[in-house]
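Geometric and topological summary
Read off the chains here:
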Amino acid sequence: VWYHKPAINEELLQSLPNLKVVASAGVGIDHLDLKLLSSYGVKVSNTPFIVSTDTADMGMALMLASSRRLVEGHEMAVSPDTEYFPVDWLGVEVSGATLGILGMGKIGYKVAERAKAFEMKILYHNRNQRKKEEESAVGAVYCKKIDDLLQQSDFVLLAVTLTPQTHKLIGKRELELMKPTATLINISRGLIVDQDALVEALQNKVIKAAALDVTYPEPLPRDHPLLKLKNVIITPHIGSATKKTRWVMMEEMAESIEAGLAGLPIPREVL
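These numbers were taken from a predicted model, which means no experiment stands behind them. (Residues numbered from 1 in each chain as written. Predicted model: local features only at pLDDT ≥ 70, side-chain atom pairs only at ≥ 80, totals over all residues. Heavy atoms only, no water.)

In the UniProt entry, the feature "domain: D-isomer specific 2-hydroxyacid dehydrogenase NAD-binding" (unreviewed entry) is given for residues 60–239. With 32% helix and 16% strand, residues 60–239 has its two end C-alpha atoms placed 11 Å apart. (UniProt positions renumbered as here; feature names shortened; annotations may be inferred. Helix = DSSP H or I, 4+ residues; strand = E, 2+ residues; numbered from the N terminus.)

When its domains are assigned, the protein resolves into domain 1 (10–49 + 241–262) and domain 2 (51–234). When each unit is reduced to the centre of its C-alpha atoms, the spacing between domain 1 and domain 2 is 30 Å. Taken together, the contacts link ten residues of domain 1 with six residues of domain 2. Looking at the side of domain 1 facing domain 2, the largest losses of area belong to D30, F49 and T245, adding up to 57% of the total buried there. For the pair domain 1 and domain 2, the number of links is one salt bridge. The residue inventory of the side of domain 1 that touches domain 2, partitioned by class, reads four nonpolar, five polar and one charged. (Domains from an automatic or database assignment. Contact = heavy atoms within 4.5 Å. Buried area = accessible area lost by both parts, 1.4 Å probe. Salt bridge = Lys/Arg side-chain N within 4 Å of Asp/Glu carboxyl O. Nonpolar A, V, L, I, M, F, W, Y, C, P; charged D, E, K, R; others polar.)

This part takes up helix α9 (residues 195–203). Residues that lie three or four places apart on an α-helix share one face, since the helix turns once every 3.6 residues. Considered for burial, the residues of α9 that qualify are Q195, A197, L198, V199, A201 and L202. On its buried side, α9 packs onto α8 (172–177), β7 (183–186), β8 (209–212) and β9 (232–234). The distance from a side-chain oxygen at the start of α9 to the backbone nitrogen of D196 is 3.2 Å, and the residue carrying that oxygen is D194. Count one or two residues on from α9 and you reach K205, which has phi positive near 60°. (Buried < 20%, exposed > 50% of the residue type's maximum accessible area, 1.4 Å probe, protein only. Polar contact = N/O pair within 3.5 Å; in protein donor to acceptor, adjacent residues only side chain to side chain.)

Read from one edge to the other, the open sheet built from three strands follows the order β1-β2-β10, with strand pairing classed as mixed. The open sheet has two edge strands, β1 (21–23) and β10 (269–270), and neither has a second partner. (Pairing = 2+ DSSP bridges.)

Attention shifts here to the sheet that holds strand β3 (residues 98–102). With parallel pairing, seven strands are arranged side by side in an open sheet as β5-β4-β3-β6-β7-β8-β9. The two strands at the open ends of the sheet, each matched to only one other strand, are β5 (140–142) and β9. The average angle at which neighbouring strand axes cross in this sheet is 15°, direction not considered. Packed onto the sheet, α9 meets β7, β8 and β9 and runs at close to 140° relative to β8. (Axes fitted to C-alpha atoms, helices over the stretch in contact; angles between N-to-C directions.)

What follows is the structure in structure tokens.
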């Protein structure tokens, strides 16, 4: 399964009576009905470890690009209408700013490691608090309540898994808790954010900007209001899109399939 295709539904499962393994690329498994697959005796694997480094890099890239207005700057620099560069064209600082990470799993923690090098103050919220030594290694402070993180952060980065509990985790109320100077960065899943509420918040300057590697749907309809806003950067879900990582993902998927067909324990099986 690559980019959630083909759709693994009951019709497909009934048409493939000898199916043993579904190997899915990436970390997220929200597109798979694990109970349905299990009822057909089909095992599932994913590739959770290899993607974390590249996705963390992407999170930092989006934060830097948004804060320093790189897309706007490029457009200005190459525009045939540009005659001079305005001296009051300014971005905001990343170094020394406060980063709030929602979801301190493998990806979130790697983002924190990178943010430490930028001397950022790091806050995080997670289902379970990290060990004290892990917190100390990156200088991260645990926020038991999401609200506390939202109110204090200059950048809010989403790195949570999409579940029924995190569906539209960031909505109108949460956006209004953020600073009017804050930026929302999403490298997890589009459905973590209420997109209508985000459009409204960006249009009304409730928050300063958004940088999104994920949306819903993907791609957005070409007339979607998010595509028309200057304070938004959108990339085409490329968090893990490097040559090396995609190659290893394919190798890991093949290993899982081979193991399943041979009746051996499946590496990276999703239980």
